[in-house]
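Single-letter residue listing:
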Amino acid sequence: MIDGILLVDKEAEMSSYDVIRKLKKLLPKKQKIGHAGTLDPFATGLLVILLGRGTKLMSRFLLFEKEYIVKAEFGYETDTQDREGKVVKKIEPKKISRRSIKKEIKKNFSGRIDQVPPAFSAKNINGTRAYILAREDKEVKLPSKKVEIYKFKILKYKWPFVEFKIKCSSGTYVRTLVKDLAESLGSLATAVELRRTRIGSFDVKASIPVEDFGVYISEAVVPMDKLDIFFKNER
């Protein structure tokens, strides 16, 4: 039995469970395995795999801040709030200046804010996942929740595309931040690229791609006795 964590750089068009399924084929038969925070299939980046006794650390990972780089395209909105969804609204995107976006972020998208999770999410509604109801075109009403935005800055601006770096509390939906920011600016936008770069002190730079599982998996696992340093000074 392997105990510890494995940092994986998930590729696009692969679900978090697809990653676990691939790992199961390479690990001992009764190996305990889980992950510390789902990534949407279209998203790439850091996925923390928990192994053996490492699965008991899940609640600790849920407290860590997350860091993302997201690319938004202004002018339309999809039902899933990302590029995978069906376009439900479309406009000719009137150019919004970099300065105006920065001003709006500072005013309404910094610190503790209210966020309504997207209908296409894994939120539980009377025992059913919200995305299942949404796929069946059933009405999905989710209550707002408090999330914390520690950093929300523009990295690249090439209208109608804007790339942001976001540091936020666990449970924040970055694609919803993109949608809500655009709406507050009188426009529409969709997340077309999303990459998770960090969870607490764990960085995607230290991860391995799925294609390298067979070669590096044993040496890439961070054992339990090496994890203490990562858990210091976390939010």
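Remember, predicted model here, so these are calculated numbers, not experimental data.

**Let's talk about the overall build of the chain**
So, point 1. Tallying secondary structure elements over the chain gives 6 helices and 15 strands in all.
So, point 2. By principal-axis analysis of the C-alpha atoms, the chain measures approximately 55 × 40 × 30 Å.
So, point 3. Across the 235 residues in the chain, those meeting the buried criterion constitute 47%.
So, point 4. Long-range pairs, those at least 24 residues apart, make up 72% of the contacts in the chain between residues at least 6 apart in sequence.

**Describing the layout of surface pockets**
So, point 1. The volume enclosed by the largest pocket comes to roughly 1,100 Å³.
So, point 2. Lining the largest pocket are 34 residues; nearest its centre among them are Thr38, Asp40, Ala122, Tyr173 and Arg175.
So, point 3. Looking at the lining of the largest pocket, the elements with two or more residues in it are helix H1 (16-24), strand S4 (66-74), helix H4 (130-135), helix H5 (174-184) and strand S12 (189-199).
So, point 4. Looking at the lining of the largest pocket, its residues break down into 14 nonpolar, 10 polar and 10 charged.
So, point 5. Taken as a whole, the second largest pocket encloses approximately 190 Å³ of empty space.
So, point 6. Forming the walls of the second largest pocket are 15 residues, and the residues nearest its centre are Asp79, Gln81, Pro118, Ala119 and Lys179.
So, point 7. Looking at the lining of the second largest pocket, the elements with two or more residues in it are strand S5 (76-78), strand S6 (87-90) and H5.
So, point 8. Ranked by residues supplied to the lining of the second largest pocket, first place goes to H5 with 3 residues.
So, point 9. For the lining of the second largest pocket, the residue count by class is 7 nonpolar, 3 polar and 5 charged.

**Here's the deal with the side chain of aspartate 203**
So, point 1. Tracing the chain through its elements places aspartate 203 in strand S13 (residues 202-203).
So, point 2. Reaching out from aspartate 203, the side chain makes a polar contact with the backbone nitrogen of lysine 205 at a distance of 2.8 Å.

**Structural notes on helix H3 (residues 98-108)**
So, point 1. Here H3 has its buried residues at Ile101, Glu104 and Ile105. The buried residues of H3 all sit within an arc of 100 degrees when viewed along its axis, so they share a single face. Summarising the geometry of H3, the exposed residues directed more than 90 degrees from the buried face are Arg99, Lys102, Lys103, Lys106 and Lys107.
So, point 2. Considering only its buried residues, H3 is in contact with strand S10 (145-158), strand S11 (161-168) and H5.

**Some thoughts on the environment of leucine 39**
So, point 1. Of note, leucine 39 is situated in the loop between strand S2 (33-35) and strand S3 (44-51).
So, point 2. What makes leucine 39 buried here is its relative accessible area of 3%.
So, point 3. Note: C-alpha distance between leucine 39 and valine 147 (108 residues apart in sequence) is 18 Å.
So, point 4. Apart from residues no more than four positions distant in its own chain, leucine 39 is found in contact with Lys10, Ser16, Thr44, Gly45, Leu46, Tyr68 and Arg196.

**A closer look at the pattern of salt bridges**
So, point 1. For the structure on display, the rule yields 12 salt bridges.
So, point 2. One salt bridge connects aspartate 180 with lysine 179, and the closest N-O pair in it is separated by 3.5 Å.
So, point 3. A salt bridge links arginine 198 to aspartate 203, with the nearest nitrogen and oxygen atoms 2.6 Å apart.
So, point 4. Taking the relative accessible area as the measure of exposure, arginine 198 reaches 26% and is therefore partly exposed.
So, point 5. A cluster of three or more residues bridged by salt bridges with shared partners is formed by Glu13, Arg83 and Glu84.

Cut-offs and rules
- Residues numbered from 1 in each chain as written.
- Predicted model: local features only at pLDDT ≥ 70, side-chain atom pairs only at ≥ 80, totals over all residues.
- Heavy atoms only, no water.
- Helix = DSSP H or I, 4+ residues; strand = E, 2+ residues; numbered from the N terminus.
- Buried < 20%, exposed > 50% of the residue type's maximum accessible area, 1.4 Å probe, protein only.
- Contact = heavy atoms within 4.5 Å.
- 1 Å grid on protein atoms, 1.4 Å probe; cavity = no way out; pocket = protein on both sides within 12 Å on 5 of 7 lines; lining within 4 Å.
- Points joined across faces, edges and corners; volume = space filled by probe spheres on them.
- Nonpolar A, V, L, I, M, F, W, Y, C, P; charged D, E, K, R; others polar.
- Polar contact = N/O pair within 3.5 Å; in protein donor to acceptor, adjacent residues only side chain to side chain.
- Arc of directions from axis to C-beta.
- Salt bridge = Lys/Arg side-chain N within 4 Å of Asp/Glu carboxyl O.

Just distances and angles here, no functional claims.
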